[in-house]
Amino acid sequence: MNSIKKILNHRKYELLLLALIQHLYIGIFVKDIPFYTEVLWPINMLILGFASIGVFIEKGKLKIIIKNILTIWVILLPIILTFFKNIPEIMFILNISYVLFYLFIFIEVFKFLVKPSYINADIISAAACGFFLLIEVFVFMFQIYAYSNNLSFKGINYTSPAHVYMDLVYYCSISLTTIGYGDITPNTYQTKLITSLIGIIGQFYSVVLVGILISKFTNNT
């Protein structure tokens, strides 16, 4: 037990980074969409919940309790969705819960980035985690609009929750990196404004991150 806790503590950002990448982009390797939605999604969340434990070690009881409650809830939600998929409110609750879950982790990761005066492998891994966590937050934020109004976006496949999710992962990835191919576009003023906000946050995060890394490197030297 102590050895597992030690690994989770010393390799927390590497584990979280791998968990985020597999959660966001495992659709590259999956062709069975029902399997992705009903089986792989809950497993992915279980992996993410486990991988994020290290981030909250020695962070205080309250934070650990909140994180544990959120983790259990986001693991259960995909399972609940399979039984109540025709109830719109379930999808709204799911998306709000996931935004809170990823935002909660992002805040802790960002606190770590700005705190120490040194640079090491953890700083690099945490920086990458922060970027992927932002993608996760915006994906589920956009899903709130996508499910409340099918006209919120042009170019999204609404045939299943997995299709919507993967389309929005792609859309948020290219928007946050300011690539913007234009095959998926926002179609309401809310989604247009949030998309513009994504571009600004992506640029701001990159600039701040470069400044943090340079500052830490300078302190080291």
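This structure is a prediction, so every number in the text was calculated from the model and none was measured. (Residues numbered from 1 in each chain as written. Predicted model: local features only at pLDDT ≥ 70, side-chain atom pairs only at ≥ 80, totals over all residues. Heavy atoms only, no water.)

Caption draft 1: A look at the overall build of the protein. Scanning the protein from N- to C-terminus turns up eight helices and two strands. Listing each helix as α and each strand as β along the protein from the N terminus yields α-α-α-α-α-α-β-α-β-α. Its C-alpha atoms give the protein a radius of gyration of 18 Å, within 12% of the compact-globule value 17 Å for 221 residues. Burial status across the protein gives 47% buried among its 221 residues. Sequence separation of 24 or more characterises 72% of the internal contacts of the protein that already satisfy a separation of 6 or more. Roughly 11,600 Å² of accessible area belongs to the protein as shown, and the carbon and sulfur atoms make up 71% of that amount. For the protein, the separation between the mean place of its 15 positive charges and that of its 10 negative charges on side chains is 10 Å. (Helix = DSSP H or I, 4+ residues; strand = E, 2+ residues; numbered from the N terminus. Rg over C-alpha atoms; globule rule 2.2 N^0.38 Å. Buried < 20%, exposed > 50% of the residue type's maximum accessible area, 1.4 Å probe, protein only. Contact = heavy atoms within 4.5 Å. Areas by Shrake-Rupley, 256 points an atom, 1.4 Å probe, with all protein chains shown as cover. Lys, Arg positive; Asp, Glu negative; His and termini not counted. Charge placed at Lys NZ, Arg CZ, Asp CG, Glu CD.)

Caption draft 2: Structural context of empty space enclosed by the protein. Going through the model one piece at a time under the given rule, you end up with one cavity of 30 Å³ or more. In this model, the largest cavity occupies a volume close to 90 Å³. Around the largest cavity, the lining residues are His-23, Tyr-36, Trp-41, Asn-44, Met-91, Phe-140, Gln-143, Tyr-147, Pro-161, Ala-162 and Tyr-165. Of all the secondary-structure elements, those providing two or more residues to the lining of the largest cavity are helix 3 (33-51), helix 6 (121-148) and helix 7 (161-176). Taken together, the residues of the lining of the largest cavity break down into eight nonpolar, three polar and no charged. (1 Å grid on protein atoms, 1.4 Å probe; cavity = no way out; pocket = protein on both sides within 12 Å on 5 of 7 lines; lining within 4 Å. Points joined across faces, edges and corners; volume = space filled by probe spheres on them. Nonpolar A, V, L, I, M, F, W, Y, C, P; charged D, E, K, R; others polar.)

Caption draft 3: Molecular detail of helix 3. Most pronounced at Leu-40, the bend in helix 3 amounts to some 45 degrees, and the proline Pro-42 follows within four residues. Looking at helix 3, one finds that the buried residues are Ile-33, Tyr-36, Thr-37, Leu-40, Trp-41, Pro-42, Asn-44, Met-45, Leu-48, Gly-49 and Ala-51. Against helix 2 (12-25), helix 4 (61-83), helix 5 (88-114), helix 6 and helix 7 lie the buried residues of helix 3. With a side-chain oxygen positioned 3.2 Å from the backbone nitrogen of Phe-35, the residue opening helix 3 is Asp-32. (Bend = angle between axes of the 7 residues up to and from the residue. Polar contact = N/O pair within 3.5 Å; in protein donor to acceptor, adjacent residues only side chain to side chain.)

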